[in-house]
Amino acid sequence: MAAPTVGVLALQGDVVEHVRALERSGARAVEVRTPEELASVDALVVPGGESTTVIRLLDRFGLTEPIRARVRGGMPFWGTCMGMIVAAHDVAGLDQPTLDLLDVTVRRNAFGRQVDSAEVPLPIPALGTEPFPAVFIRAPWIERTGPSVETLAERDGHGVMVRAGNVLGTSFHPELTHDDRVHGYFLGMIPATR
Ligand code: GLN
């Protein structure tokens, strides 16, 4: 099978780190800014950044509906931090329409100001017994999950990694560490079609 082509939404945020981690994990990674570029990828990652800005830019770049259509049609999607906020069904305290791809309610900047950023060893049973070095930066947590959503990891009793079929969300930033297990897990969600 040829390496899958994974797009990284490149409107704003930590794009290059995802591109490098995807390539280390065996994918071909490309930056996505247009509907044409979106059409050429097998899967899409939305990186960390600023959700209010990116929701506006998605609309301006004509990407909101094309992304919804691809993901609802089964394309694997992974949102890290801001990317998970943008994909959530609803966001406490945000009054902009999201992509609504993942039946969860998230709260932005949920872990409090004192601990704006932290790296914590996070148990993720789906990735093996070794805890994952999870980097949280003004991270959201998950307050509600719909019946289709599986929680893969929790911190302080709140979901921080969830999956519903072809959609994955993490509150933390695996692209900022050298542990590529979450990138490998995501590549495993791409069907081997060729
Ligand atoms: N707090 C940011 C937001 O609400 C997300 C932070 C991040 O992606 N690291 O968009």
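This write-up is about the structure you can find in this document. (Residues numbered from 1 in each chain as written. Predicted model: local features only at pLDDT ≥ 70, side-chain atom pairs only at ≥ 80, totals over all residues. Heavy atoms only, no water.)

## A short note on helix α3 (residues 51–60)
Put simply, the test is: The rule is simple: take the accessible area with a 1.4 Å probe, protein chains only, and divide by the maximum for that residue type; under 20% is buried, over 50% is exposed, in between is partly exposed. Here a helix means four or more residues in a row that DSSP labels H or I, a strand means two or more in a row labelled E, and each is numbered from the N terminus. For this quantity, the arc is that covered by the directions from the helix axis to the C-beta atoms. Residues are treated as being in contact if the distance between any of their heavy atoms lies within 4.5 Å.
Regarding α3, the residues found buried are Ser51, Val54, Ile55, Leu57 and Leu58. Seen along its axis, α3 keeps its buried residues to an arc of 165°; they face one direction. Exposed side chains of α3 directed beyond 90 degrees from the buried face belong to Asp59 and Arg60. In the core, the buried residues of α3 are packed alongside β1 (5–9), α4 (64–72) and α5 (82–87). Directly after α3, the chain includes Gly62, whose backbone phi takes a positive value near 65°.

## Focus: the site of the ligand
Put simply, the rule reads: For this purpose, a residue is taken to be near a molecule or strand whenever a single non-hydrogen atom of the residue falls within 4 Å of it. In protein, a polar contact means a hydrogen-donor-capable atom and an acceptor-capable atom, both N or O and within 3.5 Å, with residues adjacent in sequence counting only if both atoms are side-chain atoms; elsewhere, any N or O pair within 3.5 Å suffices. The pocket and cavity definitions rest on a 1 Å grid over protein atoms only: a 1.4 Å probe that fits but cannot leave marks a cavity, an open set with protein on both sides within 12 Å along at least five of seven lines marks a pocket, and residues lining either have an atom within 4 Å of a point. Should more than half of a molecule's atoms lie within 2 Å of a pocket's or cavity's grid points, that molecule is taken to sit in it. All amino acids are sorted into three groups, where Ala, Val, Leu, Ile, Met, Phe, Trp, Tyr, Cys and Pro are nonpolar, Asp, Glu, Lys and Arg are charged, and the leftover types, Gly among them, are polar.
Surrounding the ligand, one finds Gly48, Gly49, Glu50, Ser51, Cys81, Met82, Ile85, Arg108, Asn109, Ile137, Arg138 and His173. Contact between the ligand and Gly49: an oxygen atom at 3.0 Å from a main-chain N or O atom of the residue. Here Arg138 contributes a backbone N or O atom positioned 3.1 Å from a nitrogen atom of the ligand. For the ligand, the cavity whose grid points lie within 2 Å of the majority of its atoms is the largest pocket. In terms of residue class, the shell around the ligand is made up of 4 nonpolar, 5 polar and 3 charged.

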